[in-house]
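Each chain, written out:
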Amino acid sequence: MPEPAHSAAACERDRDAVLHAVSSAVLAVTRHLSVREVLQVIVRSAARLLDAKYAALGVPDDDGAFAEFVAEGISDEQWAAIGPTPRQHGMLGAMLREGTPVRLPDIRRDPRFEWWPKAHPILKDFLGVPITDGDTVLGIIFLSNKRTPGGFDEADEELLTLFAAHAAIAITNARLYERGRELTVIEERTRMARELHDAVSQKLFSLRLTARAAAALARTDPERAAEAIERVERMAGEALTELRAMIVELRPAELDRHGLVESVRKLAALLDRLHPMTVAFSAEGESPDDRDLAPEIEVAVLRVAQEALHNAVRHARAARIDVRLSHREATLVLEVTDDGVGFDSTGPNGAGVHGLGLPSMSDRAQAVGGTLTVSSAPGRGTTVRLEVPA
């Protein structure tokens, strides 16, 4: 009699594990991450769910390769040694063609197995299932080298099949979101271009003509030239005001709903749930939400926090990331610190910073009268510090 009770408890634990893993993938979509980031969350969740050392997910293209291929358990250095993304051959190709689960005690002994690159890790026990939307195979997810002795069993296959069904929904939603975002960006660019043409560009054109007139009058009629220069100054101020209004219009909605502190807190909490490292948030001193910050400053702080956090999550290979907001006298300070691999921030041509979006963050800081500093060294982590007037 104890056996059924034990089985029921085990089923309950398995169901909870699936729900937790599925929740991570769904959260990735609700956070509006890219399709690739959603795939990474799915792979990481599947590896944890079934206690596998290696996991991968491939999304096929129409040219015999993979449009996306993400893996868990393989470092960037190993990927570089392995070489290009795999093509649709061997077991991967067979799974795409057959569209059915594959569970093997040793993939190397299966006739569908062909070869691996020299630097590829050795895979033994193997479990793979297709991710399908109706009759369409969106991709394949597979795990290898289960840490628990004995390899993958039938219950593991059922769990991964269930998880793959939810993964299909997450991938489809992420694709729809990316497509919707592309359309939104196009629409927003069109609207902004129209408004710039209708308002600001016309003022700038008038300003240019008035400035020419002032230059022409400077020698013959200084008094009228001074009046024209005053008009130039007034029109320039009006154009600047309209540009600022358009920038404020692009303010993130979460700032209006939650305020700056809670928006950054929620961002840190979400990344803490989605990724293996600890992401901790703290706020010190007077809350910036109580100081009626200029909207453009709030937007700049939030955008820098987003960029710095995503850089740390993607590139730092950190165990912990700390996010701090503090208000000291008339300055608001944001710090994002990780204990990851770091880089040489003092090297020639900004060695180590390529692709990290640092120029963009610096531009945001300067646009609101603030400063951005980045401190890092190989093996000693990175700190991004933003100071803005408050």
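Residues numbered from 1 in each chain as written. Predicted model: local features only at pLDDT ≥ 70, side-chain atom pairs only at ≥ 80, totals over all residues. Heavy atoms only, no water.

A few points about the sheet that holds strand 2 (residues 66-72)
Here comes step 1: The strand order across the open sheet built from 5 strands is 2-1-5-4-3, with neighbouring strands paired in antiparallel fashion. Two strands bound the open sheet, and with one partner strand each, they are strand 2 and strand 3 (102-104). Geometrically, the sheet is characterised by an average inter-axis angle of 10° between neighbouring strands, direction not taken into account.
Here comes step 2: Where helix 2 (residues 35-50) meets the sheet, its contacts fall on strand 1 (52-60), strand 2, strand 4 (126-133) and strand 5 (136-146), and the angle it forms with strand 2 comes to roughly 40°.
Here comes step 3: Here helix 4 (residues 90-98) sits on the sheet in contact with strand 1, strand 2, strand 3, strand 4 and strand 5, set at roughly 135° to strand 5. (Pairing = 2+ DSSP bridges. Helix = DSSP H or I, 4+ residues; strand = E, 2+ residues; numbered from the N terminus. Axes fitted to C-alpha atoms, helices over the stretch in contact; angles between N-to-C directions. Contact = heavy atoms within 4.5 Å.)

Considering the sheet that holds strand 10 (residues 382-389)
Two pairing modes exist for strands in a sheet, parallel and antiparallel, and in both the strands are linked by backbone hydrogen bonds.
Here comes step 1: Overall, mixed pairing links the 5 strands, which are arranged 6-7-8-10-9 in an open sheet. Every other strand in the sheet has two partners, leaving strand 6 (278-284) and strand 9 (371-376) as the edge strands with one partner each. Going across the sheet, the axis of each strand differs from the next one's by a mean of 10°, ignoring polarity.
Here comes step 2: Here helix 9 (residues 358-367) sits on the sheet in contact with strand 9 and strand 10, set at roughly 145° to strand 9.

Overview of the pattern of salt bridges
Here comes step 1: Counted under the stated rule, the structure contains 14 salt bridges.
Here comes step 2: Residues joined in a network through salt bridges with shared partners are R324, E335, R385 and E387. (Salt bridge = Lys/Arg side-chain N within 4 Å of Asp/Glu carboxyl O.)

A short note on helix 8 (residues 295-315)
Here comes step 1: For helix 8, spanning 21 residues, the distance from its first C-alpha to its last is 30 Å, which sits close to the expected 30 Å at 1.5 Å a residue.
Here comes step 2: Counting buried positions over the 21 residues of helix 8 gives 15, a clear majority of the element.
Here comes step 3: Looking at the residues trailing helix 8, positive phi occurs at R317, about 50°. (Expected span 1.5 Å × (residues − 1). Buried < 20%, exposed > 50% of the residue type's maximum accessible area, 1.4 Å probe, protein only.)

Things to note about the side chain of T210
Here comes step 1: Residue position: T210 is located in helix 5 (residues 154-220).
Here comes step 2: Each residue touching T210, except ones within four places of it in the same chain, is listed here: A228, R231, V232 and M235.

A closer look at the packing of aromatic side chains
Here comes step 1: Throughout the structure, instances matching the rule amount to 5 aromatic pairs.
Here comes step 2: For the ring pair F66 and F69, a centre distance of 5.4 Å and an interplane angle of 65° mean the geometry is edge-to-face.
Here comes step 3: Feature note: the residues F66, F69, W79, F126 and F142 constitute an aromatic cluster, connected by ring pairs. (Phe/Tyr/Trp six-rings, centres within 6.5 Å; stacked < 30°, edge-to-face > 60°.)

What about unusual backbone geometry?
Here comes step 1: At N145, a position not held by glycine, the phi torsion is positive, near 60°.
Here comes step 2: Checked against the element boundaries, N145 lands in strand 5.
Here comes step 3: On the basis of relative accessibility, which here comes to 16%, the residue N145 falls in the buried class.

Describing the side chain of D322
Here comes step 1: Its place among the elements puts D322 in strand 7 (residues 320-328).
Here comes step 2: Engagement of the side chain of D322 in a polar contact is seen with the side chain of R320, the distance being 3.0 Å.
Here comes step 3: Apart from the residues within four sequence positions on either side, D322 is in contact with A280, E335, V336 and T337. (Polar contact = N/O pair within 3.5 Å; in protein donor to acceptor, adjacent residues only side chain to side chain.)

Here's the deal with the confidence of the model for the protein
Here comes step 1: When pLDDT is averaged along the protein, the result is 80, and 77% of the positions lie at 70 or above.
Here comes step 2: Across residues 1-6 the pLDDT falls below 50, and counting only partners more than four positions away or on other chains, this stretch makes 1 contact in the model.
Here comes step 3: Scored below 50 in pLDDT, residues 348-355 makes 7 contacts in the model with residues more than four places away or belonging to other chains. (pLDDT = per-residue confidence, 0-100.)

Points about the nonpolar core
Here comes step 1: Among the nonpolar cores identified, the biggest contains 38 residues, and L260, V301, I321, V323, L325 and L334 are the most heavily contacted of them.
Here comes step 2: Of all the secondary-structure elements, those providing two or more residues to this core are helix 7 (253-274), strand 6, helix 8, strand 7, strand 8 (331-338), helix 9 and strand 10.
Here comes step 3: Other than its neighbours up to four places away in sequence, L334 contacts V301, V304, A305, V323, R324, L325, V384, R385 and L386.
Here comes step 4: Within the second largest apolar cluster, 30 residues are counted, among which are L39, V59, A164 and A167. (Core = buried A, V, L, I, M, F, W, Y, C linked by side-chain atoms within 4.5 Å.)

Points about the pairing of strand 8
Here comes step 1: Across the 8 residues that make up strand 8, a large majority, 6, are buried.
Here comes step 2: Pairing of strand 7 with strand 8, which is carried by 8 bridges, proceeds in the antiparallel orientation. Pairing of V323 across the sheet is with V336, part of strand 8.
Here comes step 3: Hairpin connection from strand 7 to strand 8: 2 residues lie between these consecutive antiparallel strands, with E329 at a positive phi of about 55°.
Here comes step 4: Relative to strand 10, strand 8 runs antiparallel, the two being bridged by 8 bridges. Among the inter-strand pairings, V333 is bridged to a residue of strand 10, identified as E387.

Description of helix 4
Here comes step 1: For helix 4, the tally of buried residues reaches 7 of 9 residues, placing the bulk of the element in the interior.
Here comes step 2: Of the positions making up helix 4, those classed as buried are G90, M91, L92, G93, A94, M95 and L96.
Here comes step 3: On its buried face, helix 4 is in contact with strand 1, strand 2, strand 3, strand 4 and strand 5.
Here comes step 4: G99 lies just past helix 4 and shows a positive phi near 65°.

A short note on the environment of L96
Here comes step 1: With respect to the element layout, L96 can be found in helix 4.
Here comes step 2: Of the residues examined, L96 reaches a relative accessible area of 14% and is grouped as buried.
Here comes step 3: Placed 37 residues apart in sequence, L96 and V59 show a C-alpha to C-alpha distance of 9.7 Å.
Here comes step 4: Once residues within four sequence positions are removed from consideration, L96 is found in contact with P60, F66, Q88, V137 and I140.

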